[in-house]
Amino acid sequence: MCTPFIRNHQLNVIKKQAGQLQQACSTVSDPKVIESVRSNTSFKVMEAFPGASEQEQQLLGSFASLSSPQELQGYVRSLEEYILPFEKVEEKQLKKLFPKVKKLKVPDLAAMDLRYITYMGWTDIGTNKMYLAYHLNGRLVGVEARFTPVQKKSVCFLCNKHEEVALVSAITKSKPANASPDYYKAIGNYMCVNSDTCNKNITDVTVLERFISDIVL
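Attention here is on the structure that accompanies the text. Source: prediction; values computed, not measured.

The rules behind each value
Residues numbered from 1 in each chain as written. Predicted model: local features only at pLDDT ≥ 70, side-chain atom pairs only at ≥ 80, totals over all residues. Heavy atoms only, no water. Core = buried A, V, L, I, M, F, W, Y, C linked by side-chain atoms within 4.5 Å. Buried < 20%, exposed > 50% of the residue type's maximum accessible area, 1.4 Å probe, protein only. Helix = DSSP H or I, 4+ residues; strand = E, 2+ residues; numbered from the N terminus. Contact = heavy atoms within 4.5 Å. Axes fitted to C-alpha atoms, helices over the stretch in contact; angles between N-to-C directions. Parallel < 35°, antiparallel > 145°, perpendicular 65-115°, else oblique. Nonpolar A, V, L, I, M, F, W, Y, C, P; charged D, E, K, R; others polar. Expected span 1.5 Å × (residues − 1). Polar contact = N/O pair within 3.5 Å; in protein donor to acceptor, adjacent residues only side chain to side chain.

### Description of the nonpolar core
Right, so step 1: Among the nonpolar cores identified, the biggest contains 27 residues, and Leu132, Met191 and Ile212 are the most heavily contacted of them.
Right, so step 2: Broken down by secondary-structure element, the contributors of at least two residues to this core are β2 (129–136), β3 (139–155), β4 (162–172), β5 (185–192) and α7 (206–216).
Right, so step 3: A total of 5 residues in this core trace back to one element, the largest contributor, which is α7.
Right, so step 4: In contact with Met191, other than residues within four places in its own chain, are Tyr119, Met130, Leu132, Cys156, Phe157, Leu158, Glu164, Val165, Ala166 and Val168.
Right, so step 5: Counting residues in hydrophobic clusters, the runner-up holds 22 residues, among them Ile14, Leu59, Leu60 and Val76.

### Re the packing of helix α1 (residues 8–27) against helix α4 (residues 69–78)
Right, so step 1: Running from N to C, α1 and α4 point in directions that differ by 175°, and their axes come no closer than 10 Å. Comparing their axes, α4 and α1 come out roughly antiparallel. Between α1 and α4, the contacting residues are Ile14, Lys15, Ala18, Leu21, Gln22 and Ser26 on the first element and Pro69, Leu72, Gln73, Tyr75 and Val76 on the second.
Right, so step 2: Split by residue class, the contact of α1 with α4 holds 7 nonpolar, 3 polar and 1 charged.

### A word on helix α2 (residues 31–47)
Right, so step 1: Relative to the 24 Å expected for 17 residues at 1.5 Å per residue, α2 spans 24 Å between its end C-alpha atoms, a close match to the ideal helical length.
Right, so step 2: Among the structural elements, α1 and α3 (54–61) are those in contact with the buried residues of α2.
Right, so step 3: For α2, the side-chain oxygen to backbone nitrogen distance between the N-cap and Lys32 is 2.9 Å, and the N-cap itself is Asp30.

### A word on the packing of α1 against α2
When two helices pack together, their arrangement is given by the angle between the helix axes and by the axis-to-axis distance.
Right, so step 1: Here α1 crosses α2 at 180°, and the two axes come no closer than 9 Å. With respect to each other, α1 and α2 are oriented roughly antiparallel. In contact with Val13, Ile14, Gln17, Gln20, Leu21, Ala24 and Cys25 of α1, α2 contributes Ile34, Val37, Arg38, Thr41, Lys44 and Val45.
Right, so step 2: For the contact of α1 with α2, the per-class residue count stands at 8 nonpolar, 3 polar and 2 charged.

### Thoughts on the environment of Gln10
Right, so step 1: Mapping Gln10 onto the fold places it in helix α1.
Right, so step 2: The sequence separation of Gln10 and Pro85 amounts to 75 residues, and the corresponding C-alpha distance is 12 Å.
Right, so step 3: Look past the residues within four positions of Gln10 in its chain and what remains in contact with it is Phe5, Ala48 and Phe49.

### Some details on the side chain of Asn8
Right, so step 1: Tracing the backbone through its elements, the reader meets Asn8 in helix α1.
Right, so step 2: Taking relative accessible area as the criterion, Asn8 reaches 3% and is therefore assigned buried.
Right, so step 3: At a separation of 2.8 Å, a polar atom in the side chain of Asn8 contacts the main-chain carbonyl oxygen of Asn199.
Right, so step 4: Residues in contact with Asn8, not counting those within four places in the same chain, are Arg115, Tyr116, Ile117, Thr118, Asn199 and Ile202.

Okay, here's the thing in structure tokens:
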């Protein structure tokens, strides 16, 4: 039996590809087209697990032979025991990430299902701030950003989905050589207003990790 190895964003890839295969099997009559979809969805899943062991590859590849909605949905449910959850975080750890925020409002950690979290994000509407916590290179890091709702839908730069977004702007700690003492650079992007929605959509952490690295490193 495999030990847990599927992170939330990877599970989202599997769900997406299983859904596409289910759609094809339900609506397409040409066997060659369905076979092409099977091959493509299997490739996309394997692509999301570059370091998978042989046993893990067998588990991941088994969905490509399924056809019915019941089989595919059952397969996704069967993966729950292999989910690698977001590492447990305590309130004091979050407060330590943001030492300058004296009255930091933290999320309800007990209510979070850590299996379905790629990053921990929450907002403080009273101060128009967004906070993000993530395990980067084995270390828990935090990002504090200005949070400005824009009352519209746009593409979130993290999950690449069309959702309700806010303009999120954070100041990077890095400075060029010979920079003046008051130099600062802000990085701004449109991001999902609801981090739960973003965590359900995100399928790749490359942009997330680049954004965090630009801010904290």
